[in-house]
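Listed below, chain by chain, are the residues.
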Amino acid sequence: MSETVTNASSLAVPLWKRILFSSVLAEKSVAKRIAYIGVMAALCIATNMFEIKFATTQFSFTVLSSILAGILIGPLFGFCAVFLGDAVGYLYNSMGYVYYWWVALSVATMALIAGLVMNLPFKFKGAVFVKLAIICLLTFFVCSVGINTTGMYYIGLNIYFPKDVQNAAAERFGGEFTFWIYCAIRFFILGQIYNSILNYALLFVIVPVLGAVKPLKLNIK
């Protein structure tokens, strides 16, 4: 009975409001919405500045914080908070590197996708895990591969990847330095696939825990 009421109240929220906000923020005051958005933007800034390097793999929690932003504050405002967090994080800790705007677009789109998927009206037991699986698949292929890796290949390589390294890689793989060769290098040699797996695994642990925190009133089933 309580699950039916929860789902009904969620669907009673107008569509435009569900696109802007999560179920957590849809009925809260403007002040509380601003506070939530500010906290998530600060979390995104922090995760942008904190990285751990192990061998050739660079681990960060940017994917995790971006998806959580979409789940907690909603699709569009999650997108804005993550984009802002990435930009401010870069300004604070650029280390002289060029700003990779497509990276910001990639992680912000993760928040957008997460917020939209969490609004799907699934009503069966364990639906939250199905939603999280959909989020992981979509964010990986649309954002990590489709936006981030594409941006790095067509724009970023001209900035930081020397031509002789590209030629050596192409020779190693027996041909031209194609997009798919770069994908293989980025995910399996530089180890970004392991970073993604870590973030997604943490997502499956953290979201159900957050759903059990009563003050959050997260509408996840």
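Note: the structure precedes this text.
The structure presented is a predicted model; accordingly, all values stated were derived computationally and were not measured.

### Regarding the packing of aromatic side chains
1) Next: Going through the model one piece at a time under the given rule, you end up with 13 aromatic pairs.
2) Next: Taking the centre distance of 6.3 Å and the plane angle of 10° together, the rings of Phe50 and Phe61 count as stacked. Of the two residues, Phe50 sits in the loop between helix H3 (30-49) and strand E1 (51-54) while Phe61 sits in the loop between strand E2 (57-60) and helix H4 (62-73), which places them 11 residues apart along the sequence.
3) Next: Residue Phe61 is classed as partly exposed on the basis of its relative accessible area, which comes to 26%.

### Some remarks on the pairing of E1
1) Next: As paired strands, E1 and E2 are joined by 4 bridges and run antiparallel to one another. The residue bridging Lys53 from the neighbouring strand is Gln58, located in E2.
2) Next: Between E1 and E2, which pair antiparallel one after the other, the connecting turn spans 2 residues, and Ala55 there sits at a positive phi close to 55°.

### Examining the nonpolar core
1) Next: Formed by 48 residues in total, the largest nonpolar core has its most connected members in Ile67, Ile71, Ile135 and Leu203.
2) Next: Ranked by residue count, the leading element in this core is helix H7 (residues 127-160), at 10 residues.

### So, the packing of H4 against helix H5 (residues 75-92)
1) Next: Interhelical geometry of H4 versus H5 gives an angle of 145° and a closest axis separation of 7 Å. Both H4 and H5 take part in a crossing whose hand is right-handed. Touching Ser66, Ala69, Gly70 and Ile73 of H4 are Pro75, Phe77, Gly78, Ala81 and Val82, all from H5.
2) Next: Split into classes, the residues belonging to the contact of H4 with H5 amount to 6 nonpolar, 3 polar and no charged.

### Here's the deal with the packing of helix H9 (residues 179-189) against helix H10 (residues 192-211)
1) Next: The geometry of H9 relative to H10 is characterised by a closest axis approach of 4 Å and an angle of 55° between their N-to-C directions. Considering their axes alone, H9 and H10 lie oblique with respect to each other. On H10, the residues that touch Arg186, Phe187 and Phe188 of H9 are Gln192, Ile193 and Tyr194.
2) Next: Taken together, the residues that form the contact of H9 with H10 break down as 4 nonpolar, 1 polar and 1 charged.

### So, H9
1) Next: All of the buried residues in H9 are Phe179, Ile181, Tyr182, Cys183, Ile185, Arg186 and Phe187.
2) Next: Trailing H9 by a residue or two, Gly191 shows a phi angle of about 80°, which is positive.

What counts, and where the lines are drawn
- Residues numbered from 1 in each chain as written.
- Predicted model: local features only at pLDDT ≥ 70, side-chain atom pairs only at ≥ 80, totals over all residues.
- Heavy atoms only, no water.
- Phe/Tyr/Trp six-rings, centres within 6.5 Å; stacked < 30°, edge-to-face > 60°.
- Helix = DSSP H or I, 4+ residues; strand = E, 2+ residues; numbered from the N terminus.
- Buried < 20%, exposed > 50% of the residue type's maximum accessible area, 1.4 Å probe, protein only.
- Pairing = 2+ DSSP bridges.
- Core = buried A, V, L, I, M, F, W, Y, C linked by side-chain atoms within 4.5 Å.
- Axes fitted to C-alpha atoms, helices over the stretch in contact; angles between N-to-C directions.
- Left-handed = near helix turned anticlockwise from the far one by under 90°.
- Contact = heavy atoms within 4.5 Å.
- Nonpolar A, V, L, I, M, F, W, Y, C, P; charged D, E, K, R; others polar.
- Parallel < 35°, antiparallel > 145°, perpendicular 65-115°, else oblique.

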